[in-house]
Amino acid sequence: MNAPKTDESARPLLALDGISKSFGGVRASHDVSFAVERKSITGLIGPNGAGKTTLFNIITGVYSKDCGSIFFDGQDLGKSPVHKRVSMGIARTFQNVELFSGMSVLENVLVGRHVRTKCGFFGAVARLPRHREEERLAQKYCMEMLDFVGMAHVAKKPAGDLPFGWQRLVEIARALASQPRLLLLDEPAAGLNAMETKQLGELLGQIRQRGVTLLLVEHDMSLTMEVCDYIAVLDQGRKIAFGTPRQIQADKAVIAAYLGQEEF
Amino acid sequence: MKPILRNILVYGAFIGVVAAYGLLEKSTYYLQLATFVGLNTLLAVGLNMLMGYAGQISLGHAAFYGLGAYVSGMLTVHLGWSPWATLPCALFAAGAVAYVVGLPTLRLTGYYLAMGTLGFGMIVNILFREFRRFTGGPSGLPGLPELTIGSINLSHGANALFLVWGCVIVAFFICERIVDSRMGRALRAIHYSERAAAAVGVNTASAKLAIFVFAAVIAALAGFLYAHMITFISPSTFNFLASVKLVAMVVIGGMASIWGSLLGASLLTLLPDFLHVFAEYEMIIYGLILMLVMIFFPEGLFKNLVKLYERAKNR
Amino acid sequence: MPEFYQYLFSGLTNGAIYAIIALGFSMLFAATDLINFAHGEFVMIGALILVTLWPVMGLPLPLAFVITVLATGILGIVFERLAIRTVKKPDPIVLVIITVGAGIFLRGVAMIIWGKTAKGAPPFSKMPPLEIGGAYLLAQSVWILGIVLATVLVMHFFYSRTLTGKAMSACAINKRAASLLGIATQRMTLLAFAVSAALGGMAGVIIAPITMNEYEMGAILGLKGFCAAMLGGLGNSWGAVVGGFALGIAEAMAVGYVSSSMKDAVAFLLLLLILYVRPTGILGGKAIARF
């Protein structure tokens, strides 16, 4: 599964091959390999400090990896910077929701559209017909995304004024505005109530129907087991299991890792 | 109100006020004072794009103001160039220096960025003072030519006022358009969270660098205008205190507020003139203003005035 | 060779002063995550108070010394109470502007109180200079080195042996955890400001006899102290000391062998270099950016 396969449609969208990363003396990721199938929802779970967010940061390019390779659609990501990866089709959301709080909801999503638009400083000042057209289309697309997550009615409000659950939806719309092929969600259900979590689960399914592959870190086990096709389990930086939710629930190593953890 | 209508009204009124003042005011002193308000507004609006919108502090912005003035000054005085021929050189030099310095400096954040820009400003000021052969050293460079077109002198009276305020109006127009565009949104996004801006695909390094160069070029333009208006330049005009004054103008008017820059620059240029005690107490007052505004109105005066107005309207 | 020793002595003397200014920056940063752009002004005020108390009013030197250090310490407390604790939005950009404003304010106040003309002070003792290897070491330099060394030892003792010092180190490592353990972090912040300002005042006291004391002297000293703190690694006390001496010696050599006009440029070039290349300093500092 490590080497990219030749058959395009059978090739996984994302393949991690032997990813390791240490901070000082602490090993945050150790020889992690797994693949994310096209149009799947893959979950990444593990006890606190298992290295899930680190892995996210390596995939998106925030951290450089010490060794190993990441293939996105068969292409080695190498050292390409964060914004490059976004334009290749990798988008993400944050654990604590990081919206641009003083900007309007629509503006937030428009920033998400950044990589699919081109207008530079010259265009900003000149505002030729093609620049106006690009802006109009971008606004239209972003309104569609807001409508898709059900937040179109607050488009003009400052993003920081929204309740937390809504901010999370706006953040997802912002990530979708870049037309990603792979969407990384860092604990999308954190801070949501049961009702909101249920709606989120449905939304994830709808996102997948648009052809987007999802990789999510999640603590809410019922959500993970319900929506994910595959689950990778990390413990202390290592991958200890990979499989369908059913396989994972029966996996001895996983049970051992979780039983050792008091909080769970 | 439609944006186009609003623009015509606002800029029309702006141009009208400047024209009326230039045509009606006869005192050379007050014309020059108003011209200085314009120069400072130009500097403040440029710095506000960098500091207020993109959130990147600069404590060395006067260096670019000085570079514009000195590059043009040295070329005209030593090589006898026409001032107009030096304008592109001055703007280019400031932009190039901003690019080279910004490349490593803008990787820094917070205090480190503040110290980095401060150190840069200090070094430039030391160069102005120490390269005596070219810059005239601490006592300054006299004998700069005035700006003329044919027989019209643009360095004095109402003409100077129109020239400077013309630049201000164009700069305002450009800045307003940038702020409300794809790049402007990206810059504001960097201000709120650089990490999130990068995560949604903004090339934060190049966006910051671009606006840094932009601010530097605007400052150099102001330096060029200043140099040929006063026809004498010296390092102390472009020192650390000058950089602090520029920051004060931005902060008082309001960060991320283009029209606030006008307010901040006007207040800090006109107040010393109205309060004659200012000279001795200048530093105390600047220091107090910076502290008090940041403690009580971190959003600046302009936004607070707007809020007051809206509250009064709703009542 | 005597030349070299002469430059070295001058470098050590200035270096000791940079070291103690850097220590003020560094310990404040360690305890509060804040850089005080007005720190140099405390040095200036220390020097001017000493000049007033000792040569002008004729107080005995040790008494003037103690009063000056206490006065600047109290000024630090007042500063924290009035200008730092009142801040509603403690972003770095806001705090930078506030401390820059405070610096300009103090400079203005000093100009009003002490005027624009520079004042000198006699050396602490009237001993002749020591001759070492053909070069002369001023008695004042010996005083400076001795006092700085003693201060560093006292600070070291404070951090490693006293409860308050340990509490302060705890705050420096993790403020929230420290407060959960019952350490009054607000009081620690206040104390850090007081000690940092007092260190600045002390730097002013020992530098007073070898410089021209006027209201504008603080800015450049503050910047060099910051540069030294960065060299050694911001937040690292030993680093501040090492950085101070390194900067002092580098500067003295540049003045001696290159050009005296480049004296101030050395510090800023080093500052930019360290910011660009190794922002954690020679000895490593507190983490600069955390994700």
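Predicted model only: the values in this text are computed from it and were never measured.

K.L.:
Mind showing me how you'd approach helix α10 (residues 237-257) of chain C here?
P.N.:
Owing to its 3.6 residues per turn, the α-helix aligns residues three or four sequence positions apart on the same side. Residues and elements named next belong to chain C. An ideal rise of 1.5 Å per residue puts 30 Å on 21 residues; α10 measures up with 30 Å between its terminal C-alpha atoms. Of the residues making up α10, those classed as buried are G239, A240, V241, G243, G244, F245, L247, G248, E251, A252, M253 and A254. Buried residues along α10 sit against α1 (2-32), α5 (139-161), α9 (217-232) and α11 (263-277). The opening residue of α10 is N236, an N-cap whose side-chain oxygen sits 3.2 Å from the backbone nitrogen of W238.

K.L.:
Where do I start with the packing of aromatic side chains in this structure?
P.N.:
For any pair of aromatic rings, the description rests on two quantities: the centre-to-centre distance and the angle between the ring planes. This structure, assessed with the given rule, holds 29 aromatic pairs over all chains. Relative to B:F128, the ring of B:Y70 lies with its centre 4.1 Å away and its plane at 20°, an arrangement referred to as stacked. On the criterion of sequence distance, the pair formed by B:Y70 in helix α3 (residues 62-79) and B:F128 in helix α5 (residues 110-130) is long-range, its members being 58 residues apart. Across this residue pair, the class does not change: B:Y70 and B:F128 are buried. Among the aromatic side chains, those forming a connected cluster through ring pairs are B:Y11, B:F14, B:W165, B:F172, B:F173 and B:W259. The side chain of A:R113 reaches across the aromatic face of A:Y141, ending 4.0 Å from its centre. The residue whose ring lies beneath A:R210 is A:F148, and the NZ or CZ to ring-centre distance is 4.7 Å.

K.L.:
Help me understand the layout of surface pockets in this model?
P.N.:
Regions of empty space are outlined by a rolling probe, equal in size to a water molecule, passed over the atoms. Computed from the structure, the second largest pocket encloses a volume of approximately 800 Å³. The wall of the second largest pocket is formed by 34 residues, among which C:E214, C:E216, C:M217, C:A219 and C:I220 lie closest to the centre. The set of elements that each furnish at least two residues to the lining of the second largest pocket consists of α5, α11 (240-253) and α13 (278-296) of chain B together with α1, α4 (92-114), α9 and α11 of chain C. The leading source of residues in the lining of the second largest pocket is α9(C), at five residues. Of the residues contributing to the lining of the second largest pocket, the split by class is 19 nonpolar, five polar and ten charged.

K.L.:
Teacher, can you tell me more about the environment of C:E131 here?
P.N.:
Topologically, C:E131 is positioned in strand β1 (residues 130-132). For C:E131 and C:P2, which are 129 residues apart along the polypeptide, the C-alpha to C-alpha distance reads 10.0 Å.

K.L.:
Mind showing me how you'd approach the interface of chain C and chain B here?
P.N.:
How large an interface is tends to be reported as the accessible area lost when its parts come together. Listed per partner, the contact involves 44 residues of chain C and 41 residues of chain B. Taken together, both faces of the contact between chain C and chain B bury some 4,000 Å²; the carbon and sulfur share is 83%. It is C:I97, C:I104 and C:Y276 that lose the most area in chain C upon contact with chain B, and together they represent 17% of the buried surface on that side. For the interface between chain C and chain B, the tally reads zero salt bridges. Counting across the chain C and chain B interface gives three residue pairs in polar contact (both at pLDDT 80 or more).

K.L.:
What should I look at first to understand the sheet that holds strand β6 (residues 90-92) of chain A in this one?
P.N.:
Two orientations exist for strands paired in a sheet by backbone hydrogen bonds: parallel and antiparallel. Residues and elements named next belong to chain A. Strand order in the open sheet made by the six strands is β6-β7-β8-β3-β9-β10, with mixed pairing throughout. Each of the sheet's edge strands pairs with one partner strand only, and the pair in question is β6 and β10 (238-243). With strand direction ignored, the average angle separating the axes of adjacent strands in the sheet is 20°. Where β6 and strand β7 (residues 182-186) come together, three bridges link them in parallel fashion.

K.L.:
Help me understand empty space enclosed by the protein in this model?
P.N.:
For the coordinates displayed, the defined rule picks out four cavities of 30 Å³ or more. Around the largest cavity, the lining comprises 17 residues; the ones closest to its centre are B:F240, C:F37, C:E41, C:A219 and C:L223. Broken down by secondary-structure element, the contributors of at least two residues to the lining of the largest cavity are α5 of chain B together with α2 (39-56), α4 and α9 of chain C. Among the residues forming the lining of the largest cavity, the class breakdown is ten nonpolar, five polar and two charged. Together, B:L59, B:G60, B:A62, B:A63, B:L118, B:G121, B:M122, B:N125, B:F238, B:N239, B:F240 and B:S243 line the second largest cavity. Looking at the lining of the second largest cavity, the elements that each hand over two or more residues are α3, α5 and α11 of chain B. By residue number, the principal contributor to the lining of the second largest cavity is α5(B), which donates four residues. Across the lining of the second largest cavity, the residue classes break down as seven nonpolar, five polar and no charged.

Calculation criteria
- Residues numbered from 1 in each chain as written.
- Chains lettered and ligands numbered in written order.
- Predicted model: local features only at pLDDT ≥ 70, side-chain atom pairs only at ≥ 80, totals over all residues.
- Heavy atoms only, no water.
- Helix = DSSP H or I, 4+ residues; strand = E, 2+ residues; numbered from the N terminus.
- Expected span 1.5 Å × (residues − 1).
- Buried < 20%, exposed > 50% of the residue type's maximum accessible area, 1.4 Å probe, protein only.
- Contact = heavy atoms within 4.5 Å.
- Polar contact = N/O pair within 3.5 Å; in protein donor to acceptor, adjacent residues only side chain to side chain.
- Phe/Tyr/Trp six-rings, centres within 6.5 Å; stacked < 30°, edge-to-face > 60°.
- Lys NZ or Arg CZ within 6 Å of the ring centre and 35° of its normal.
- 1 Å grid on protein atoms, 1.4 Å probe; cavity = no way out; pocket = protein on both sides within 12 Å on 5 of 7 lines; lining within 4 Å.
- Points joined across faces, edges and corners; volume = space filled by probe spheres on them.
- Nonpolar A, V, L, I, M, F, W, Y, C, P; charged D, E, K, R; others polar.
- Buried area = accessible area lost by both parts, 1.4 Å probe.
- Salt bridge = Lys/Arg side-chain N within 4 Å of Asp/Glu carboxyl O.
- Pairing = 2+ DSSP bridges.
- Axes fitted to C-alpha atoms, helices over the stretch in contact; angles between N-to-C directions.

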